[in-house]
Amino acid sequence: MVVLEAVLPGTVIGIKTSSGVVLAGEKRMTYDGFILSKSVRKLFPITEHTAVGFAGLTGDMNFLYRVLKTEARNYELEHGREIKTRSLAKLLSIILYSYKLFPMLTEAVVGGFDEAPSLFVLDAVGSLLEERYTALGSGSQLALSIIEQSYREDMPLEEAKNLAIKAVLAAIERDVLSGDGVDVLVITREGIKSEEHLLARSTTR
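Residue indices begin from 1 for each chain and proceed along its sequence in written order. Per-residue local features are limited, in this predicted model, to residues with pLDDT of at least 70; the limit for side-chain atom pairs, both in listing and counting, is 80 or more; totals at the level of whole chains, interfaces and linings are taken over all residues. Each side-chain value is worked out from all heavy atoms of the structure, with water and hydrogens disregarded.

### Observations concerning the environment of Leu-177
The following threshold applies: Only DSSP runs of H or I with at least four residues qualify as helices, and only runs of E with at least two residues qualify as strands; both kinds are numbered from the N terminus onward. Think of it in three bands: residues with accessible area under 20% of the maximum for their type are buried, residues over 50% are exposed, and the middle band is partly exposed, with areas taken using a 1.4 Å probe on protein chains only. Note on definitions: a residue-residue contact is assigned when non-hydrogen atoms from the two residues lie within 4.5 Å.
Looking at where Leu-177 falls in the secondary structure, it is placed in the loop between α4 (157-174) and β11 (182-188). Residue class for Leu-177 comes out partly exposed when judged on its relative accessible area of 22%. For the pair Leu-177 and Phe-102, spaced 75 residues apart in sequence, the C-alpha to C-alpha distance is 23 Å. Setting aside residues up to four positions removed in sequence, Leu-177 forms contacts with Val-7, Pro-9, Gly-10, Glu-26, Arg-28, Thr-30 and Ser-138.

### A few points about helix α2 (residues 85-98)
Inclusion rule: For a helix, the expected span equals 1.5 Å multiplied by the residue count minus one. What the arc measures is the spread of directions leading from the helix axis to the C-beta atoms.
Helix length check: α2, at 14 residues, gives a terminal C-alpha distance of 20 Å against a target of 20 Å (1.5 Å per residue), a fit within 8%. Of the positions making up α2, those classed as buried are Thr-85, Leu-88, Ala-89, Leu-92, Ser-93, Ile-95 and Leu-96. Here the buried residues of α2 occupy an arc of 165° about the axis, which is enough to place them on one side. With respect to the buried face of α2, the exposed residues turned more than 90 degrees away are Ile-94 and Ser-98. Here the buried face of α2 lies against β6 (50-56), α1 (58-79), β7 (106-113), β8 (117-122) and β9 (128-130).

### Notes on the side chain of Lys-27
Definition in use: Two N or O atoms count as a polar contact when they lie within 3.5 Å, although within protein this holds only if one can serve as hydrogen donor and the other as acceptor, and sequence-adjacent residues are included solely when both atoms are side-chain atoms.
Mapped onto the secondary structure, Lys-27 falls in the loop between β2 (21-26) and β3 (29-31). A distance of 3.1 Å separates the side chain of Lys-27 from the side chain of Glu-196, its partner in a polar contact. Among all residues touching Lys-27, those that are not within four sequence positions of it are Ser-37, Lys-38, Ser-39, Val-40, Gly-179, Asp-180, Gly-181, Val-182, Asp-183, Glu-196 and Leu-198.

### Focus: the packing of α1 against α2
The condition that has to hold: Between the N-to-C directions of two axes lies an angle of 0 to 180 degrees, each axis being a line fitted to C-alpha atoms and, for a helix, fitted only over the stretch in contact. Any angle that is under 35 degrees is reported as roughly parallel, and any over 145 degrees as roughly antiparallel; angles of 65 to 115 degrees are reported as roughly perpendicular and all others as oblique. Left-handed describes a crossing in which the near helix is turned anticlockwise from the far one by less than a right angle; the clockwise case is right-handed. Classification convention: Asp, Glu, Lys, Arg as charged; Ala, Val, Leu, Ile, Met, Phe, Trp, Tyr, Cys, Pro as nonpolar; all other residues, Gly among them, as polar.
Interaxial distance between α1 and α2 falls to 11 Å at its minimum, and their mutual angle equals 130°. Looking at the two axes, α1 sits oblique to α2. Every pair of crossing elements has a handedness; the one defined by α1 and α2 is right-handed. Contacts between α1 and α2 involve Leu-64, Val-67, Leu-68 and Glu-71 on the former and, on the latter, Leu-88, Leu-91, Leu-92, Ile-95 and Leu-96. Across the contact of α1 with α2, the residue classes tally to eight nonpolar, no polar and one charged.

### Description of the nonpolar core
Quick note on the threshold: Residues enter a nonpolar core if they are buried and are Ala, Val, Leu, Ile, Met, Phe, Trp, Tyr or Cys, with the set joined through side-chain atoms within 4.5 Å.
Of all hydrophobic cores here, the largest spans 24 residues; its most connected members are Ile-13, Ile-15, Val-22, Ile-147, Tyr-151, Leu-163 and Val-184. Of all elements in the fold, only β1 (11-16), β2, β10 (133-137), α3 (140-150), α4 and β11 reach the threshold of two or more residues within this core. Among the elements that take part in this core, α4 stands out by supplying nine residues, more than any other. Setting aside residues no more than four positions away along its own chain, Tyr-151 makes contact with Ile-15, Lys-16, Arg-132, Tyr-133 and Leu-163. Judged by nonpolar contacts, the second largest core, of 20 residues, contains Phe-54, Leu-88, Ile-95 and Phe-120.

### Here's the deal with the confidence of the model for the protein chain
Should the pLDDT be low somewhere, the predicted coordinates at that spot are not to be read in detail. Applicable threshold: Known as pLDDT, the predictor's per-residue confidence is scaled from 0 to 100.
Considering every residue of the protein chain, the mean pLDDT works out to 90; 93% of them sit at 70 or more. Scored below 50 in pLDDT, residues 201-205 makes ten contacts in the model with residues more than four places away or belonging to other chains.

### Observations regarding α1
Along its 22 residues, α1 runs 31 Å from first to last C-alpha, staying within 8% of the 32 Å computed at 1.5 Å per residue. Taken together, the buried positions of α1 are Thr-58, Asp-60, Met-61, Leu-64, Tyr-65, Leu-68 and Ala-72. Each buried residue of α1 lies within a common arc of 145° when the element is viewed along its axis, so the set occupies one face. Turned more than 90 degrees from where α1 packs its buried face, Gly-59, Leu-77 and Glu-78 sit exposed. On its buried face, α1 is in contact with β3, β5 (43-45), β6, α2 and β7. Where α1 ends, the next residue or the one after it, Gly-80, has phi of about 75°, a positive value.

### What to know about the pattern of salt bridges
Rules: Each reported salt bridge corresponds to a side-chain nitrogen of Lys or Arg within 4 Å of a carboxyl oxygen of Asp or Glu.
Counted under the stated rule, the structure contains twelve salt bridges. Notably, a salt bridge pairs Asp-154 with Arg-152, separated by 3.3 Å at the nearest N-O pair. What makes Asp-154 exposed here is its relative accessible area of 55%. We classify Arg-152 as partly exposed; its relative accessible area is 37%. Taking the shortest distance from any N to any O, the salt bridge between Arg-152 and Glu-159 comes out at 3.0 Å. Taken together, the salt bridges that share partners define one network made up of Glu-158, Lys-161, Lys-193 and Glu-195.

Set out below in structure tokens:
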């Protein structure tokens, strides 16, 4: 993976189990030491069974989300079916690589459920790896230390969700670039369920 000189702000997590994929990310946007927003989205559903999460600059995240959403929709119209998770990850890899001379300041995790769950992680120039779990951004080392203690691939999806939330909260406690709550996407054969957990309360939608 490419190592950027700048620390990519934020914390985003992906966990794959035998029954689905969990993506989780905190909600803070910072710039030059200032908190600009406490309600930024870093997780984005792309199709009914695939989603992407980003750590890095908000502008780059939103640009990549719009491109992926458009390309996925075009694929569905042309082929009559949703784009597969691996194909979406490869598409994002090509997009990121096309900007290699002036890289996007972002890392990405792509999760989805086709015939089975899958999880991919990409760096700023499109290097692509398939993983069982990952953490990206300035709080990644803190989050990984939590995940590695408890992860197993056959863990129930609810347990994986709680582990992802716990890992993001651990990063929030110690990383000033992360904070203000946790967004969660749970991806199964049935589709994507979205949750928002604020530090004082939580809602499900």
